[in-house]
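Per-entry structural report
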Amino acid sequence: VSVICSDKTGTLTQNKMTVQKLYVGGKIIPAREADFRDPVQEPLLRTALLCSDATVNENGEVGDPTETALVRLGEDNGFDEEVTRERWPRLTEIPFDSDRKLMSTVHRLSGGLMMVTKGAVDVLLDRCVISPEERKKAEQANEQFSREGLRVLAFACRPMDRAEVSLADENGLDFLGIIAMMDPPREESRAAVAECIAAGIRPVMITGDHKVTASAIAREVGILTEDTEAVEGAVLDGMSDEELRRLVPRVSVYARVSPEHKIRIVKAWQDLGSLVAMTGDGVNDAPALKQA
């Protein structure tokens, strides 16, 4: 093997998310200082619980690690997820999709029907009704969280006049805030990366995460070095296969990638004569695993 392409979450990292910080009401707040009796903060936490499927109880955690982190944050602040979901039952949902990078659910609240949405910060902000000044502050908070290697999710909502929703309804949203989580690197990741490099194998990170977050983790484990760079998957969209072959030797981190991007990256290295290994634990890694 001459190149190892690795997914990040759960492969290089522990996939044990814990909420570190919140951005709500124009302020960054450490998770331990969160106060959900505050009417500004409460809708953010309630939305985080309602627009997720994870459960946490005495038998352990069930569900996506990002969502279990949200549930634990709720429980730390006196919100039991089962009680919350019984009080405001889910009427319908638009499931998460890796292309849309959003998930939405509809609930009956005291004021009527409400759709709550969570997703990637950049995608969600584009769909919110928000002033340029508010948007700039949210983007700055997002950038700060990402530089710290935190994984970020944005939350929004909008009143509905019906329970049935379509993709077109995921627009005109009211921005609620951002929750930032830490997924620490596995202790063995740095040693494994160093061993690869010593053996003459080039490690490459391919992830759906934000570029700044991915870069912070990649630097920590030794994948992103002074002489290599990080790029977003969108850069690959405009490239021919030949241009991609010229790019891949310079790049150690690919962020915000789709399953199609992952295949192209593996194939570009193969076309350069490399024997490529791919490692990943997600269903979106399957096409690249097959290509490798």
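Right, let's walk through the structure included here. Small disclaimer: the values here were computed from a predicted structure and weren't measured. (Residues numbered from 1 in each chain as written. Predicted model: local features only at pLDDT ≥ 70, side-chain atom pairs only at ≥ 80, totals over all residues. Heavy atoms only, no water.)

1. A look at the pattern of salt bridges
Our working rule: Think of a salt bridge as a Lys or Arg side-chain nitrogen and an Asp or Glu carboxyl oxygen that are within 4 Å of each other. Helix and strand labels come from DSSP, where a helix needs a run of H or I of at least four residues and a strand needs a run of E of at least two; each type is numbered from the N terminus. Note on exposure labels: buried denotes an accessible area under 20% of the residue type's maximum, exposed denotes more than 50%, and partly exposed covers the range between, all computed with a 1.4 Å probe on protein chains only.
Evaluated as defined, the whole model comprises 22 salt bridges. In this structure, the salt-bridge partner of Glu67 is Lys118, at a minimum N-O distance of 2.6 Å. Separated by 51 residues along the polypeptide, Glu67 in helix H2 (residues 65–76) and Lys118 in strand S8 (residues 112–119) bring together distant segments of the chain. Lys118 matches Glu67 in its accessibility class, with the two residues each being buried. Residue Arg186 is joined to Glu188 by a salt bridge in which the shortest nitrogen-to-oxygen separation is 3.6 Å. Taking relative accessible area as the criterion, Arg186 reaches 31% and is therefore assigned partly exposed. On the accessibility criterion, Glu188 (45% relative accessible area) is partly exposed. Put simply, Lys8, Arg151 and Asp209 are held in one network by salt bridges that share partners.

2. Some words on the sheet that holds strand S11 (residues 202–206)
Just so we agree on the cut-off: Only strands that DSSP links by at least two bridges are regarded as paired with each other. The axes are straight lines fitted to the C-alpha atoms, using for helices just the contacting stretch, and the angles between their N-to-C directions are given from 0 to 180°. Throughout, a residue-residue contact means that at least one pair of heavy atoms, one from each residue, lies within 4.5 Å.
Across the sheet, five strands lie side by side as S12-S13-S11-S1-S14; this open sheet has parallel pairing. The open sheet has two edge strands with one neighbour each: strand S12 (229–232) and strand S14 (276–279). Strand-to-strand twist across the sheet, computed as the mean angle between neighbouring axes with direction ignored, equals 20°. Looking at chain direction, strand S1 (residues 3–6) and S11 are connected through four bridges and run parallel. Paired with Ile4 across the bridge in S11 is Pro203. Sheet strands touched by helix H10 (residues 259–271): S1, S11, strand S13 (251–255) and S14. Its angle to S14, the strand with the most contacts, is close to 160°.

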